[in-house]
Amino acid sequence: MSSSNKTRIGIIGANPERGWASTAHIPVLKTLPNYEITALSSRTKEDAEKLKDAFGVPYVHDSVSGLVENPEVDLVLVAVRVPQHYELVSQAAKAGKNIFSEWPLGRNLKEAEELVVLAKETNIKGYIG
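The sections below set out a description of the structure shown in this document. All chains use their own residue numbering, which begins from 1 and follows the written sequence. Selection of residues for local features in this predicted model requires a pLDDT of at least 70, selection of side-chain atom pairs for listing and counting requires 80 or more, and totals for whole chains, interfaces and linings are taken over all residues. Side-chain figures throughout are based on the complete set of non-hydrogen atoms in the structure, without hydrogens or water.

### Section: helix α4 (residues 85–94)
Helical periodicity: at 3.6 residues per turn, an α-helix aligns residues three or four positions apart in one direction. Basically, it comes down to this: Each residue is placed in one exposure class: buried if its accessible area under a 1.4 Å probe, protein chains only, is under 20% of its type's maximum, exposed if it is over 50%, and partly exposed if it falls in between. Numbering goes from the N terminus for both helices and strands, where a helix is a DSSP run of H or I of at least four residues and a strand is a run of E of at least two. In what follows, a contact means two residues having at least one pair of non-hydrogen atoms within 4.5 Å.
When we look at burial in α4, the residues that qualify are His85, Leu88, Val89, Ser90, Ala92 and Ala93. Looking at the buried side of α4, the elements it contacts are β1 (7–12), α3 (64–68), β4 (75–78), β5 (98–101) and α5 (109–122).

What follows is the structure, given as structure tokens:
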């Protein structure tokens, strides 16, 4: 956690125009005193720049690996379609980041169980919204 005792959040799946991250997560997180959005990721450099302009966060990444490896991120929020949850949550856990994943955690029980085991093995905290 940062020296200001705020949980620094990186969001995978932010879009400057639509989606859960931009319409729900980001507005709410900006009002909560114990959280700070420090990074967002997008699929392209162009979209990443749009995110920086739209939300004014310190870091934007055009790759998931850039976000999960960012030392200024304590918790990764996964706000993408369910088929991508397993891979993205796995990447964040392997990078040692705590995770908040939109519901459901995986496409099926097998994926969810594997992600729970991975969270225990990597000693991270996981939350499902």
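### Considerations on the nonpolar core
Grouped burial of nonpolar side chains is what soluble globular proteins tend to show. To keep it simple, the criterion reads: We call a set of buried residues a nonpolar core when its members are Ala, Val, Leu, Ile, Met, Phe, Trp, Tyr or Cys and they connect through side-chain atoms within 4.5 Å of each other.
If you look at the biggest cluster of nonpolar residues, it comprises 19 residues, and the most contacted ones within it are Ile12, Leu67, Val68, Val76, Val78, Val89 and Ile99. At the level of elements, α3, β4, α4 and α5 are the ones that each hand at least two residues to this core. With residues up to four places along the chain from it excluded, the contact list for valine 78 reads Ile12, His85, Leu88, Val89, Ile99, Phe100, Ser101 and Glu102.

### Some remarks on the packing of α4 against α5
Under the convention used in this document: Here an angle of 0 to 180 degrees is reported between the N-to-C directions of two axes, which are lines fitted to C-alpha atoms, with helices fitted over the stretch in contact. Any angle between 65 and 115 degrees counts as roughly perpendicular, while under 35 counts as roughly parallel, over 145 as roughly antiparallel, and the rest as oblique. Each residue gets one label: Ala, Val, Leu, Ile, Met, Phe, Trp, Tyr, Cys and Pro are nonpolar, Asp, Glu, Lys and Arg are charged, and the others, such as Gly, are polar.
Axis separation between α4 and α5 bottoms out at 9 Å; the angle between their running directions is 10°. Judged by the angle between their axes, α4 and α5 are roughly parallel. Here Tyr86, Val89, Ser90, Ala93 and Lys94 of α4 come into contact with α5, specifically with Glu111, Glu114, Leu115, Leu118 and Thr122. Considering only residue class, the contact of α4 with α5 consists of 5 nonpolar, 2 polar and 3 charged.

### A few points about the sheet that holds β4
Condition: Two strands are said to pair when DSSP picks up at least two bridges between them.
Read across the sheet, 6 strands follow the order β3-β2-β1-β4-β5-β6 without closing on themselves; strand pairing throughout is parallel. Because the sheet does not close on itself, it has two edges, and the strands there are β3 (59–61) and β6 (126–128). Averaged over all pairs of adjacent strands, the angle between strand axes in this sheet comes to 25°, irrespective of strand direction. Judged from the 4 bridges that link them, β4 and β5 form a sheet pairing that is parallel. Each residue of the ladder has a partner; that of valine 76, found in β5, is isoleucine 99. With respect to the sheet, α4 is in contact with β1, β4 and β5, its orientation differing from that of β5 by roughly 160°.

### Observations regarding helix α1 (residues 20–31)
For clarity, the threshold we go by: To estimate how far a helix should extend, the number of its residues minus one is multiplied by 1.5 Å. This arc is built from the directions going out from the helix axis to the C-beta atoms.
Here α1 is 12 residues long and its end C-alpha atoms lie 16 Å apart, about the 16 Å a rise of 1.5 Å per residue gives. If you check which residues of α1 are buried, you get Ala21, Ser22, His25, Ile26 and Leu29. Around the axis of α1, the buried residues are gathered within 115° of arc, so they sit on the same side. The exposed residues of α1 that point more than 90 degrees off its buried face are Thr23 and Thr31. Buried residues along α1 sit against β1, β2 (35–41), α2 (45–55), β4 and β5.

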